[in-house]
Amino acid sequence: MTAPLPRWADLVLIPALNLLLAFLVAGLVVVFIGEDPVEAVRLLLVGSLGSSYGIGFTLYYATTFVFTGLSVAIAYHAGLFNIGSEGQAALGGIGVTLVCLAVPWPYWWLALPFAILGAGAFGAAWAFLPGYLQAKRGSHVVITTIMFNFIASALVVYLLVNVLKAPGMAPETRNFPEGTFLPFMHEILAVFGIRMSRTPMNFTALLALAAAFLTWVLIWRTRLGYEMRAFGHSEPAAVYAGIDPVRITIVAMLISGAMAGMMALNVVMGFQHRLVLDYVGGAGFVGIAVSLMGRSHPFGVVLAAILFGILYQGGAELAFDMPSISRDMIVVIQALVILFTGALENLVRAPVERAFLRRRRKAA
Amino acid sequence: MTFGKSLAVAALTMMTAAGAQAQEAANPAVIFDLGGKFDRSFNQASYDGAERFTKETGIAYESFELQNDAQREQALRRFAERGHNPVITNGFSYGSAMETVSQEFPDTDFVVIDTVVEQPNVRSVVFNEHEGSYLVGVLAAMASKTGKVGFVGGMDIPLIQKFACGYVQGVKATNPDAEVFQAMTGTTGAAWNDPVRGGELAKSQIDRGADVVYHAAGGTGIGVLQAAADAGVYGIGVDSNQNYLHPGHVLTSMLKRVDVATYQAMMDVHNGAFTAGVQVLGLKEDGVGWALDENNKDLITPEMQKAADEARAKIISGEILVHDYSTDGACPVS
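Keep in mind it's a predicted model, so treat the numbers as computed, not measured. (Residues numbered from 1 in each chain as written. Chains lettered and ligands numbered in written order. Predicted model: local features only at pLDDT ≥ 70, side-chain atom pairs only at ≥ 80, totals over all residues. Heavy atoms only, no water.)

Caption draft 1: Quick look at the overall build of chain B. For chain B, the helix and strand inventory stands at eleven helices and twelve strands. Relative to the compact-globule value of 20 Å for 334 residues, chain B shows a C-alpha radius of gyration of 21 Å, a close match. Projected onto its principal axes, the C-alpha coordinates of chain B cover approximately 70 × 55 × 35 Å. A buried classification covers 57% of the 334 residues belonging to chain B. Taking the contacts inside chain B whose residues are at least 6 apart along the sequence as the reference set, 67% of them involve residues at least 24 apart. (Helix = DSSP H or I, 4+ residues; strand = E, 2+ residues; numbered from the N terminus. Rg over C-alpha atoms; globule rule 2.2 N^0.38 Å. Buried < 20%, exposed > 50% of the residue type's maximum accessible area, 1.4 Å probe, protein only. Contact = heavy atoms within 4.5 Å.)

Caption draft 2: The packing of aromatic side chains, seen in detail. One pass over the structure, following the stated rule, counts 19 aromatic pairs over all chains. Summarising the aromatic geometry, the rings of phenylalanine 57 of chain A and tyrosine 61 of chain A are spaced 6.4 Å apart at their centres and angled 45 degrees between planes, so their arrangement reads as tilted. Here phenylalanine 57 of chain A and its partner tyrosine 61 of chain A are both found in helix 3 (residues 52-77), four residues apart, which amounts to about one turn of the helix. This pair shows no difference in class: phenylalanine 57 of chain A is buried, exactly as tyrosine 61 of chain A is. Relative to tyrosine 47 of chain B, the ring of phenylalanine 38 of chain B lies with its centre 5.0 Å away and its plane at 75 degrees, an arrangement referred to as edge-to-face. Under the relative-accessibility criterion, phenylalanine 38 of chain B is labelled exposed at 52%. By way of ring pairs, the aromatic residues Tyr53, Phe57, Tyr60, Tyr61, Phe65, Phe271 and Tyr312 of chain A are connected into one cluster. For arginine 52 of chain B, the ring lying beneath its charged end belongs to tyrosine 263 of chain B, and the centroid distance is 3.7 Å. (Phe/Tyr/Trp six-rings, centres within 6.5 Å; stacked < 30°, edge-to-face > 60°. Lys NZ or Arg CZ within 6 Å of the ring centre and 35° of its normal.)

Caption draft 3: Highlighting the sheet that holds strand 7 (residues 179-186) of chain B. Residues and elements named next belong to chain B. Pairing in this open sheet of six strands is mixed, and the strands run 7-6-8-9-10-12 from one edge to the other. Two strands lie at the open edges of the sheet, namely strand 7 and strand 12 (288-290), each paired on one side alone. Averaged over all adjacent pairs, the angle separating strand axes in this sheet is 15 degrees, with direction ignored. The pairing of strand 6 (residues 148-155) with strand 8 (residues 212-216) spans four bridges and is classified as parallel. Opposite phenylalanine 151, over in strand 8, you have tyrosine 214 as the bridge partner. Packed on one face of the sheet, helix 7 (residues 195-207) meets strand 6, strand 7 and strand 8 and runs near 160 degrees to strand 7. (Pairing = 2+ DSSP bridges. Axes fitted to C-alpha atoms, helices over the stretch in contact; angles between N-to-C directions.)

Caption draft 4: Up close: a positive patch on the surface. A cluster of like positive charges, contributed by Arg354, Arg358, Arg361 and Lys362 of chain A, occupies part of the molecular surface. Along the chain, arginine 358 of chain A turns up in helix 16 (residues 345-363). (Patch = residues over 30% accessible without salt bridge, like charges linked within 9 Å, V, L, I, M, F, W, Y side chains within 5 Å. Areas by Shrake-Rupley, 256 points an atom, 1.4 Å probe, with all protein chains shown as cover. Salt bridge = Lys/Arg side-chain N within 4 Å of Asp/Glu carboxyl O. Lys, Arg positive; Asp, Glu negative; His and termini not counted. Charge placed at Lys NZ, Arg CZ, Asp CG, Glu CD.)

Caption draft 5: Just the interface of chain B and chain A, in detail. Listed as interface residues are 35 residues of chain B and, on the opposing side, 30 residues of chain A. Each partner contributes to the roughly 2,700 Å² buried at the junction of chain B and chain A, and carbon and sulfur atoms together form 56% of this total. Viewed at the interface, chain A and chain B are joined by two salt bridges. Where arginine 78 of chain B meets glutamate 317 of chain A, a salt bridge forms, and the shortest distance between an N and an O atom there is 2.5 Å. Across the chain B-chain A interface, the total number found is five residue pairs in polar contact (both at pLDDT 80 or more). At the level of elements, strand 2 (62-65), helix 3 (71-81), helix 4 (95-104) and helix 6 (158-174) of chain B are the ones that each hand at least two residues to the side of chain B that touches chain A. (Buried area = accessible area lost by both parts, 1.4 Å probe. Polar contact = N/O pair within 3.5 Å; in protein donor to acceptor, adjacent residues only side chain to side chain.)

Caption draft 6: Inspection of the pattern of salt bridges at higher detail. All names here are of chain B. Enumeration according to the criterion identifies 19 salt bridges over all chains in this entry. For aspartate 286, the salt bridge identified is with arginine 312, shortest N-O distance 3.2 Å. Within this pair, whereas aspartate 286 is found in the loop between strand 11 (277-281) and strand 12, its partner arginine 312 is found in helix 10 (residues 302-317), the two being separated by 26 residues in sequence. Connected through shared salt-bridge partners, Asp114, Glu129, Lys162 and Lys256 make up one network.

Caption draft 7: Inspection of the side chain of threonine 115 of chain B at higher detail. Position of threonine 115 of chain B relative to the elements: it lies in the loop between strand 4 (110-113) and strand 5 (122-127). The residues touching threonine 115 of chain B, leaving out its near neighbours within four places in the chain, are Gly91, Phe92, Gly95, Ser124, Val125 and Val126 of chain B.

Caption draft 8: Geometry of the nonpolar core. Formed by 158 residues in total, the largest nonpolar core has its most connected members in Tyr279 of chain A together with Tyr167 of chain B. It is helix 3 of chain A that provides the largest number of residues to this core, a total of twelve residues. Other than its neighbours up to four places away in sequence, tyrosine 279 of chain A contacts Ala89, Ala90, Gly92, Gly93, Met263, Ala264, Val267, Val268 and Gln272 of chain A. Phe320 of chain A together with Val101, Phe105 and Val117 of chain B belong to the second-largest nonpolar core, a separate cluster that totals 21 residues. (Core = buried A, V, L, I, M, F, W, Y, C linked by side-chain atoms within 4.5 Å.)

Right under this line is the structure:
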């Protein structure tokens with residue numbers, strides 16, 4: 001059986017059509033509350049892409065979503081639905097914080113490898129138990145990772161209130177030493193003589209691209225990745241081929257958790273320079289949407305992450321300039337995008353497939 | 001002569017007032033914290049203050065509701081860049097963002113509520129929540145027939161412990177044998193907006209015998225008050241006056257006058273009288289207190305009112321020292 005769709009249509013055309021539908025419906029909602037939808041879209045796009053300021057914020061958010069998106073995508077290839085990126089990212093934040101506060105680091109490039117290890121190790125550790133329970137006990141990973149999200153947030157609150165708290169009212173750690181601050185993108189570009197507004201976008205953006213590339217290598221160019229995909233397609237076949245299901249499940253969850261944990265580099269080490277309460281702020285859950293939309297392909301994940309960055313940053317600008325569009329409206333628009341690209345994907349797929357088949361028949 | 005003089009003075013006053021307004025034309029902006037401006041509690045109090053300013057002066061204000069932490073500096077900078085003055089932020093998480101941005105815009109007046117930022121152009125407003133909570137603790141202990149009262153907080157953080165600790169001190173000072181049940185709602189941001197869980201926690205305390213339940217949990221408290229009303233016992237509201245939510249079943253509300261702080265900051269800039277520095281609003285300044293209106297006047301007996309007034313006077317005079325949890329992270333009673 002040949003695939004009914006060429007690859008480009010599968011990867012580009014269908015998501016684009018879904019997106020268009022989502023924006024049409026979102027536009028209707030904007031009309032219902034009495035605002036101009038064209039103006040709203042213009043504000044959203046100009047706010048997120050119209051200036052180096054907007055682009056910086058968009059890509060800052062996108063960097064976070066690349067990590068959580070890859071986290072979900074990697075587990076998905078092994079047939080595991082990791083909903084625990086949120087909690088794993090929270091633990092990653094603790095890992096980064098401990099590394100940054102433990103040593104008076106003189107240079108950021110010295111601190112970075114250890115921070116990556118810290119973020120990855122803590123995120124992976126948090127994913128280990130759900131992976132182990134799934135592999136050995138058959139406790140479904142969806143259930144256990146959701147539970148682990150709550151345990152993670154309880155743990156972080158406890159640590160921030162009782163152990164790591166800086167003096168003052170807010171439950172947050174003290175500031176990291178200056179030597180751990182990752183360079184901001186506007187500082188990096190200034191070296192090359194390019195001017196860019198101050199934004200939270202930082203060096204981690206480049207790490208996110210590297211992570212996406214390494215994920216591609218892992219999934220499609222290594223033996224482990226092949227085993228993961230085989231296992232994800234059919235467990236009995238993979239076992240028959242001599243793949244150890246326990247090992248693959250646990251390893252996939254460990255890598256997935258490590259990837260989620262590394263979002264802390266962007267937010268905690270790159271921007272906030274201290275650990276604050278609830279710093280993940282739902283990015284782990286956005287990662288699920290990003291992975292769904294990006295078809296669990298690293299390239300698609302990067303594109304989807306940028307789209308969500310646009311929605312986050314453009315949405316904020318929209319709320320600034322159109323006061324009648326509240327932040328709840330922004331959530332509605334984001335939800336519509338997720339609904340159309342994730343859940344209602346087949347709505348577009350079937351007609352597009354028919355159109356392609358007709359064309360192919362005509363050509364034949 | 002006198003008439004002419006007073007006329008001249010009046011004219012002069014008007015001119016200077018007009019001059020001051022031209023220089024300092026208030027163009028306020030308010031940033032609400034993650035709870036959102038209609039949380040019927042902390043943020044909404046600030047919203048009410050801003051609305052009152054607009055109603056009285058006809059000057060509109062702009063506002064923004066945060067969606068995530070990265071937007072703190074972004075929103076502050078955005079409003080300052082657009083020439084808004086003053087820029088008011090609500091919530092204790094604003095400290096470091098305010099620290100950074102206030103230095104970038106030395107000519108803008110900033111107000112930060114619930115935390116302290118020491119910059120020459122920042123007014124920090126903090127409240128003595130423990131004093132107000134002490135008073136509603138006194139009222140709760142007197143209204144309780146079972147000698148058991150409850151407290152439902154949002155999250156186990158110092159700010160909420162400050163409410164809880166003041167409340168317990170008030171209860172124990174009135175009835176040393178009283179039992180206080182305490183519960184926190186959750187550990188994520190959802191803890192501030194989870195009325196169902198708030199109701200469950202209140203119900204469990206009521207089942208254990210509590211007949212007055214005080215909440216300091218933002219939107220979660222709506223469920224606490226509902227559960228108390230359903231069970232036929234008393235709830236106590238917080239921040240805004242919540243007596244109207246269930247007339248006859250909300251014993252009182254611990255008022256935290258965020259509305260006054262917001263209104264006053266806008267008015268001060270409007271009148272050219274803005275001052276930076278730390279403002280501590282306690283009982284003495286009427287920054288905290290308890291609500292008495294037509295919805296709860298039948299619930300508060302003259303003895304209760306007398307006891308609360310006495311406690312208030314003693315706290316103001318320094319005779320009663322209510323321990324502030326946030327100073328040492330511990331509470332002497334539980």
